[in-house]
Amino acid sequence: MKFYFAPLEGVTGYIYRNTYNKFFGEEIDKYFTPFIVPTMNYCFTSKELNDIKPEHNKNIKVIPQILTNNADYFLSTTEKLNEFGYDEINLNLGCPSGTVVSKFKGSGFLAKREELDMFLEEIFSKTNCKISLKTRIGKDSPNEFYELIKIFNKYPLEELIIHPRIRQDFYKNTPNMEVFKDAIKLSKNTLVYNGDIFSVEDFKKFKSECPSIDTVMLGRGLMANPGLIGEIKEKSIVHKDTLRAFHDEIYARYKEVLSGDKNALYKMKEFWFYMIHSFEDSEKYAKRIRKSKSAAEYEGIIVSLFNELDISGDNERGFSLIK
């Protein structure tokens with residue numbers, strides 16, 4: 001099996017990726033960046049540039065992701081990414097955000113099938129760069145997928161990564177495995193599965209349903225339990241000391257690069273929105289972290305959390321907040 005780390009906007013930037021790679025990265029085959037949004041200025045924002053700089057991504061396989069419905073923007077950004085040494089680009093056709101969809105980008109682009117086909121025709125005819133797609137199965141209905149797959153099959157995709165939900169689902173409801181199984185039968189491109197693998201049992205259930213798929217992309221599940229892939233590979237549950245060291249290094253790096261404790265604290269609250277699920281009976285600490293207002297207060301809470309809470313077992317983790 002191959003395992004990919006999905007991009008989470010605002011969370012899985014280069015600091016998180018590099019720290020994760022240091023502690024758990026032997027399990028990851030590809031990391032995908034949070035999406036880059038090209039503009040008419042044809043340049044990266046400072047945040048995007050920091051995230052893709054080769055010196056910020058040493059010794060890890062990183063795939064930049066682009067969010068656009070403009071072929072010229074995609075091609076110009078791809079050319080710049082090629083200059084940085086990237087030979088594969090991922091197109092985001094999955095983002096369900098209202099501000100994105102209203103501009104017919106992300107999963108909103110799926111509703112414009114003729115324009116999407118023309119877009120793909122242009123980018124594939126004008127670049128030799130490897131291109132993968134990360135898509136939902138439709139904007140408003142799962143039935144849209146059966147027309148979308150006809151379009152995707154026209155092009156030599158590096159991979160087709162499918163999150164089997166429609167845009168209206170956001171991250172709720174259950175992934176539509178019947179449509180994904182149809183995708184296995186219909187796709188001419190290599191498929192990657194993405195969606196709701198939060199535990200070893202979730203992974204085993206997926207493999208029993210789709211034994212031919214040898215690559216999965218995990219996002220929220222890895223954020224909640226950084227040691228999940230190790231558990232899937234039948235290694236031991238991650239030790240609390242490892243999670244503490246992982247946390248401490250990320251926190252230290254955020255404090256180094258972000259101006260002011262407030263910004264670092266904001267990033268760590270995002271971090272704990274997910275990783276709090278690795279601990280038993282953690283609701284009280286989750287609330288205290290959310291309400292913390294200073295670095296000193298936050299640091300005291302974290303000391304108590306690691307001293308007092310135990311790691312959850314696979315069947316004891318609760319993921320209701322992130323499903």
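Quick caveat, the model's predicted, so the values are computed rather than measured. (Residues numbered from 1 in each chain as written. Predicted model: local features only at pLDDT ≥ 70, side-chain atom pairs only at ≥ 80, totals over all residues. Heavy atoms only, no water.)

1. Quick word on the sheet that holds strand β9 (residues 215-218)
By way of backbone hydrogen bonds, the strands of a sheet pair with one another, either parallel or antiparallel.
Reasoning step 1: In space, the nine strands of this open sheet follow the order β3-β2-β1-β9-β8-β7-β6-β5-β4, with parallel pairing throughout. Where the open sheet ends on each side, the last strands, each with one partner, are β3 (62-63) and β4 (65-66).
Reasoning step 2: As paired elements, strand β8 (residues 191-194) and β9 share two bridges and run parallel to each other. Following the sheet pairing, Asn194 is matched in β9 by Met217. (Pairing = 2+ DSSP bridges. Helix = DSSP H or I, 4+ residues; strand = E, 2+ residues; numbered from the N terminus.)

2. Examining helix α5 (residues 113-126)
Reasoning step 1: Here α5 spans 20 Å end to end across 14 residues, near enough to the 20 Å set by a 1.5 Å rise per residue.
Reasoning step 2: Considered for burial, the residues of α5 that qualify are Leu116, Asp117, Phe119, Leu120, Ile123 and Phe124. Across the axial projection of α5, the buried residues extend over an arc of 160 degrees, all falling on one side. What points out from α5, more than 90 degrees from its buried face, is the exposed set Glu114, Met118, Ser125 and Lys126.
Reasoning step 3: Buried residues along α5 sit against α3 (71-83), β5 (88-93), β6 (130-138) and α6 (145-152). (Expected span 1.5 Å × (residues − 1). Buried < 20%, exposed > 50% of the residue type's maximum accessible area, 1.4 Å probe, protein only. Arc of directions from axis to C-beta. Contact = heavy atoms within 4.5 Å.)

3. Some details on the UniProt feature "binding site: FMN" (unreviewed entry) in the protein chain
Reasoning step 1: According to UniProt, the "binding site: FMN" (unreviewed entry) feature falls on Gln65, Lys134, His163, Gly219 and Arg220.
Reasoning step 2: With respect to the helices, strands and loops of the structure, Lys134 is situated in strand β6.
Reasoning step 3: Among all residues touching Lys134, those that are not within four sequence positions of it are Gln65, Asn90, Leu91, Asn92, Leu93, Gly94, Ile161, Asn194 and Met217.
Reasoning step 4: Beyond its immediate sequence surroundings of up to four residues, Gly219 is in contact with Phe5, Ala6 and Leu8. (UniProt positions renumbered as here; feature names shortened; annotations may be inferred.)

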